[in-house]
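Observations on the three-dimensional arrangement
Next come the chains, spelled out residue by residue.
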Amino acid sequence: MRRPATFALPVERLTPQQAEAELAWLAAEIERHDRLYYREAAPEISDAEYDALRARNSAIEARFPDLVRPDSPSFRIGAPPVEAFGKVRHGVPMLTLDNAYSDGEVAEFVARIRRFLGMGPDEPLDFVAEPKIDGLSCALRYEHGILVRGATRGDGFEGEDVTANVRTIRDVPQRLLVDDPPAVLEVRGEVYMERADFEALNARRAEAGEPLFANPRNAAAGSLRQLDSRITASRRLRFLPHGWGEAEPSVRGSYFDFLRGLERLGFRANPFIARCRDVEELVAYQRGLEARRFELAFDIDGVVDKVDRIELQERLGFVGRAPRWAIAHKFPAQRATTRIRAITVQVGRTGAMTPVAELEPVTVGGVVVSRATLHNEDYIRERDIRVGDTVIVERAGDVIPQVVAVARERRPPDSVPFRFPDRCPVCGAVAVREPGGAVWRCTGGLVCPAQVEARLEHLVSRAAFDIEGLGRKQIPQLLQAGLIREPADVFTLPKDSERLARLEALEGWGRKKIENLVRAIEGRRRLPLDRVLNGLGIRFVGEVTARLLARHYRDWPHFRAAMDRLVAGDKAAREDLLAIDGIGPVVVDSLAEFFAEPHNREATDRLAAELEVQPVEPPRAAASALAGKTVVFTGSLTHMTRAEAKARAEALGAKVAGSISRATDLVVAGAEAGSKLARARELGIEVIDEAQWLELLGAA
């Protein structure tokens, strides 16, 4: 693209048409020079010439503010502070990865994939291995080649809008460098900070008397989430892509080729990715990278192994919050030696009492550790861990540090064995150890301040109700002031002027902050059923189980009525729960135990009365004949594995059950179908064979 002839004209003499043409040229030219300087280390012009281009761009934008382009170079230097980040709902969820900590777990990962796909041990199956950068996941949305939005991962389903901040990252193209860009392409990757830039940042902060960042990941996360993007621009963040979200047209073919193709679009290529053909090559790649990890410019905590063929990735799908086709092969844990000052006991939101070692601070893997989990009474007894012991502390990735060994030769002579308390250290209620279990639990329930606090913190957390402005700092403060006591109180607070006045009198609460909190609470009155169920804090009912329950019962009235029947001993209600694929007796017993308590039922109903609980709709209700139907598979299938058949059914909006009941709509019977087939015929349920099942899939 040639320099416009008007470039020699003073800015004040430009017409709007001339200014628009120049801004288009300047955006492309400045980005080209950024790429030459930052990515290729091969600048073509002097700093003075580069500054002149930027000055020209700024002057034109100042005179014609309505012509500022979405890919303007001015965004690279940041903008004035915003009041708060907006929320972004991910069209394709940004989920997590399962972890492997040994070569055997990687081998089992590959074996699981072959079993799921019905592949023999000798059939070709390629993988892509790449470094697992220790940074912050980010999604960049391009529409017709122009960057329109940047968002954090958040809880995987909803993140924060950090568009102004990602525009300041030199590795992020403002526009895709092709003449025929896709209509939509969401590039996902990792925002991080190189170690040299991290050390320089901390040196500046030390000189200014500011607190230091613990590690490059914390520095990157803090920098990307600045409300003032000028601060983000002053810190040299980097970006490396590792996938995609929404895409029109769809991404097909090879994942390896997709990553390499991103370089053509203007992204920096990851020089360390490699194709691997089997477990041995995956393990060899991980070990090779581990040996040179500290030679790299950035921190990594392992390797990510992914199936290369995108078609196979789609067939494999997801289980819970993680893809079946990828795994994080973590490096071995890093260790350090320190001394136990004390052993305290924490009480969780379900009453579980967890012992914690209070340590003399020690650096483990770049992070200062002063506390480590001791898991339970048996863990302490088996290792004979005592106050005053010198111990080895281990930290693997983001796992909570733990005490793994005791240096008994350095034990003080007056040490005594640790005795686990038989009363709750918070409320004094009796603590009991469950038969056959290792965990002690407080029996105080909702009268125990520790449980109330933790339950409310869980309720407002990102994975549950996600209420901005309420968290681990504010919940204890509001509890202590008597402003909240149970979940429903969070939603009655905005309607109670007397309580709001008391809140304003508390330290750190001004009128503006209260207005923001009220707005955040009101914005979460409408929530999908799965988030509500997760927020209740029922034991064994986390995000995945809450989603299974929500898909089965669809709305709050049906779920609540089913729980009443379960508590009343209704056998059909229990069988209906057990028929949900992924729900077992432990979860059913926990639900029965929770709703059997009158105060739990009452508190839950008061909360529901304050909400508009949104029903969970099947993923493809309008397009699929299976949507909303309960399907059971029995016998062996020859064209796909049972796991793949279930995944395909769920993708079409069906509920897959593990047993036959009167609620079953369809039974798919493979070879050697047994008692389930007989039961289906007895109940008059529609039965189809595998050939008819494949026809049904084709029609969908």
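Please refer to the structure higher up on the page.
In what follows, the accompanying structure is described. Keep in mind the model is a prediction, meaning the values are calculated, not measured.

Turning our attention to the overall build of the chain. Secondary structure summary: the chain contains 25 helices and 26 strands in total. In terms of overall size, the chain behaves like a compact globule, its C-alpha atoms giving a radius of gyration of 29 Å where 700 residues would be expected to give roughly 27 Å. Judged by the C-alpha coordinates and their principal axes, the chain covers about 85 × 70 × 60 Å. In the chain, which comprises 700 residues, the proportion classed as buried is 50%. Taking the contacts inside the chain whose residues are at least 6 apart along the sequence as the reference set, 68% of them involve residues at least 24 apart. Taking the average location of the 100 positive side-chain charges in the chain and that of its 105 negative ones, the two points are 2 Å from each other.

A word on the environment of P73. Locating P73 in the fold gives a position in the loop between α2 (47-63) and β1 (87-89). Separated by 20 residues in sequence, P73 and L53 have C-alpha atoms that sit 9.9 Å apart. Not counting residues within four places of it along the chain, the set of residues in contact with P73 comprises L26, A27, I30, R54 and N57.

Let's shift gears to the sheet that holds strand β2 (residues 99-100). Spatial strand order, β2-β13-β10-β3-β9: five strands in an open sheet with mixed pairing. The open sheet has two edge strands with one neighbour each: β2 and β9 (274-276). Relative to β9, strand β3 (residues 127-133) runs antiparallel, the two sharing three bridges. Its bridge partner being in β9, V128 is matched across the sheet by R275. Strand contacts of helix α8 (residues 255-265): β3, β9 and β10 (300-307), with the helix running at about 50° to β3, the strand carrying the most contacts. Strands in contact with helix α9 (residues 279-291) are β3, β9, β10 and β13 (326-330); relative to β3, the strand with the most contacts, it is inclined by about 25°.

Two elements in contact, helix α15 (residues 497-504) and helix α16 (residues 511-522), have axes separated by 10 Å at closest approach and are oriented at 135°. Comparing their axes, α16 and α15 come out oblique. Seen along the crossing, α15 lies across α16 with a hand that is right-handed. Contacts between α15 and α16 involve L500, L503 and E504 on the former and, on the latter, R511, I514, L517 and V518. For the contact of α15 with α16, the per-class residue count stands at five nonpolar, no polar and two charged.

Here we take up unusual backbone geometry. Backbone torsion omega between E248 and P249 reads 0°, so that peptide bond is classified as cis. With respect to the helices, strands and loops of the structure, P249 is situated in the loop between β8 (238-248) and α8. Backbone geometry places F540, a non-glycine residue, at a positive phi of 75°. Checked against the element boundaries, F540 lands in the loop between α17 (529-535) and α18 (543-553). Judged by relative accessible area, F540 falls into the partly exposed class, the value being 43%. Despite not being glycine, R554 has its phi angle at roughly 70°, a positive value. Turning to its location among the elements, R554 is positioned in the loop between α18 and α19 (556-567).

So, on to the sheet that holds strand β4 (residues 136-143). If you walk across this open sheet you meet the four strands as β5-β4-β7-β8, and the pairing is antiparallel. Each having just a single partner strand, β5 (146-152) and β8 make up the two edges of the open sheet. Recorded for the sheet is a direction-independent mean angle of 25° between the axes of neighbouring strands. Relative to β5, β4 runs antiparallel, the two being bridged by six bridges. Its bridge partner lying in β5, E143 is registered against I146. Sheet strands touched by α8: β7 (184-192) and β8. Its angle to β8, the strand with the most contacts, is close to 110°.

What follows covers the nonpolar core. A general tendency of soluble globular proteins is for nonpolar side chains to be buried together. Counting 53 residues, the largest nonpolar core has F465, I467, L549 and L591 as its most contacted members. Leaving out residues up to four positions away in the same chain, L549 has contacts with L533, V541, R554, F559, L577, I580, I583 and L591. In this structure, Y142, I169, L259 and L262 belong to the second largest nonpolar core, which totals 37 residues.

Counted by the stated rule, this structure contains 52 salt bridges. K87 is the salt-bridge partner of D466, the closest N and O atoms lying 3.6 Å from each other. Taken together, the residues span a long stretch of sequence, with D466 in the loop between α12 (449-459) and α13 (474-480) and K87 in strand β1 at a distance of 379 residues. We classify D466 as buried; its relative accessible area is 6%.

Counted by the stated rule, this structure contains 17 aromatic pairs. Where F465 meets F491, the ring centres are 5.9 Å apart and the plane angle is 55°; that geometry is what we call tilted. Here the residue F465 occupies a position in the loop between α12 and α13, and F491 occupies one in helix α14 (residues 487-492), the gap between them amounting to 26 residues. On the numbers, 5.8 Å between centres and 75° between planes, the contact of Y553 with F559 is edge-to-face. Judged by relative accessible area, Y553 falls into the buried class, the value being 7%. Given the relative accessible area of 0%, F559 is considered buried. Through a chain of ring-to-ring contacts, the aromatic side chains of Y553, W556, F559, F594 and F595 assemble into a single cluster. Lying across the ring of F7, R56 places its NZ or CZ 5.1 Å from the centre.

Rules behind the numbers
Residues numbered from 1 in each chain as written. Predicted model: local features only at pLDDT ≥ 70, side-chain atom pairs only at ≥ 80, totals over all residues. Heavy atoms only, no water. Helix = DSSP H or I, 4+ residues; strand = E, 2+ residues; numbered from the N terminus. Rg over C-alpha atoms; globule rule 2.2 N^0.38 Å. Buried < 20%, exposed > 50% of the residue type's maximum accessible area, 1.4 Å probe, protein only. Contact = heavy atoms within 4.5 Å. Lys, Arg positive; Asp, Glu negative; His and termini not counted. Charge placed at Lys NZ, Arg CZ, Asp CG, Glu CD. Pairing = 2+ DSSP bridges. Axes fitted to C-alpha atoms, helices over the stretch in contact; angles between N-to-C directions. Parallel < 35°, antiparallel > 145°, perpendicular 65-115°, else oblique. Left-handed = near helix turned anticlockwise from the far one by under 90°. Nonpolar A, V, L, I, M, F, W, Y, C, P; charged D, E, K, R; others polar. Core = buried A, V, L, I, M, F, W, Y, C linked by side-chain atoms within 4.5 Å. Salt bridge = Lys/Arg side-chain N within 4 Å of Asp/Glu carboxyl O. Phe/Tyr/Trp six-rings, centres within 6.5 Å; stacked < 30°, edge-to-face > 60°. Lys NZ or Arg CZ within 6 Å of the ring centre and 35° of its normal.

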